[in-house]
Amino acid sequence: SDNWKTNVRNTSARTGVDQEVKKIEDSCSTPESPADAGFRAGKKAVDDYWRRNGSDCGNKFALHYRGEEIKKNKFPLGSDNWKTNVRNTSARTGVDQEVKKIEDSCSTPESPADAGFRAGKKAVDDYWRRNGSDCGNKFALHYRGEEIKKNKFPLGSDNWKTN
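Residues numbered from 1 in each chain as written. Predicted model: local features only at pLDDT ≥ 70, side-chain atom pairs only at ≥ 80, totals over all residues. Heavy atoms only, no water.

Novice: Help me understand the overall build of the chain, please; the structure alone is not making it clear to me.
Specialist: Each helix and strand counted, the chain has six helices and zero strands in total. Listed by position from the N terminus, the elements making up the chain come as α-α-α-α-α-α. Taking the principal axes of its C-alpha atoms as reference, the chain extends roughly 60 × 40 × 25 Å. Looking at the chain as a whole, 33% of its 163 residues are labelled buried. (Helix = DSSP H or I, 4+ residues; strand = E, 2+ residues; numbered from the N terminus. Buried < 20%, exposed > 50% of the residue type's maximum accessible area, 1.4 Å probe, protein only.)

Novice: Whenever I open this one, helix 5 (residues 112-130) confuses me. Can you help?
Specialist: Helical geometry note: an α-helix holds 3.6 residues per turn, so side chains three or four residues apart project in the same direction. The end-to-end C-alpha separation of helix 5 is 26 Å, in line with the 27 Å expected for 19 residues at 1.5 Å each. Burial in helix 5 covers these residues: Ala115, Gly116, Ala119, Gly120, Ala123, Val124, Asp125, Asp126, Tyr127 and Trp128. Each element contacted by the buried residues of helix 5 is listed here: helix 1 (3-29), helix 2 (34-52) and helix 6 (138-152). Directly beyond the C-terminal end of helix 5, a positive phi value near 85° is found at Gly132. (Expected span 1.5 Å × (residues − 1). Contact = heavy atoms within 4.5 Å.)

Novice: I'm lost on the packing of helix 1 against helix 5 in this one. Help?
Specialist: A pair of packed helices is captured by two measures, namely the crossing angle of their axes and the spacing between those axes. Direction vectors running N to C along helix 1 and helix 5 enclose 40°, while the axes themselves pass 6 Å from each other. In terms of axis orientation, helix 1 runs oblique to helix 5. Note on packing geometry: the crossing formed by helix 1 with helix 5 is right-handed. The residue makeup of the contact of helix 1 with helix 5, split by class, is 13 nonpolar, six polar and five charged. (Axes fitted to C-alpha atoms, helices over the stretch in contact; angles between N-to-C directions. Parallel < 35°, antiparallel > 145°, perpendicular 65-115°, else oblique. Left-handed = near helix turned anticlockwise from the far one by under 90°. Nonpolar A, V, L, I, M, F, W, Y, C, P; charged D, E, K, R; others polar.)

Novice: Which parts of the structure should I look at to understand the environment of Arg129?
Specialist: Within the secondary structure, Arg129 sits in helix 5. Overall, Arg129 belongs to the partly exposed group, its relative accessible area being 28%. Excluding residues within four positions of it along the chain, Arg129 makes contact with Lys44, Asp47, Asp48 and Arg51.

Novice: So what exactly am I meant to see when it comes to the confidence of the model for the chain here?
Specialist: For any part of a model where pLDDT is low, the fine detail of the predicted coordinates should not be relied upon. With 94% of its residues at a pLDDT of 70 or more, the chain shows a mean pLDDT of 82. The weakest mean pLDDT in the chain belongs to helix 1 at 81; the strongest belongs to helix 4 (residues 82-107) at 91. The model gives residues 158-163 a pLDDT under 50, and that stretch makes eleven contacts with residues more than four places away or in other chains. (pLDDT = per-residue confidence, 0-100.)

Novice: Even after reading the chapter, I still don't get the side chain of Asp126, so can you show me in this structure?
Specialist: Looking at where Asp126 falls in the secondary structure, it is placed in helix 5. Within polar-contact distance, the side chain of Asp126 engages the side chain of Arg51 at 2.3 Å. A distance of 2.7 Å separates a polar atom in the side chain of Asp126 from a polar atom in the side chain of Lys122. (Polar contact = N/O pair within 3.5 Å; in protein donor to acceptor, adjacent residues only side chain to side chain.)

Here it is, written out as structure tokens:
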């Protein structure tokens, strides 16, 4: 039966929801350094590209090339402003790490727990993006996270190993 897989996935998804909510709340509370902002921007640029293009592992080989294009066009080096150089250097690292993460995830079969964890984080991230990523709404995010867990990732197996 796949019931145990669903419960493992949903339990991990709930953990992913909680982790993503906390990450967003923390990022809204702490001013970012140029390096941290750049790193996050680099990862986001790759993630945005990947999502816009269907998150299709069949296209993972083009992703490396696109990562290089993102670095060249969005995060060039050689600015006269030190903050821009720090931000763009860190962004390039973020691009490389996100490309590698996606390539690796496309090469390895996912366990139900890993798939659930990723789905939980994605559900919160999708909600946050749809609603403008506005830190003024970070308090509502916690309650929305609870709704996501309840509605998208219900628990209820009688198998103790999965809950």
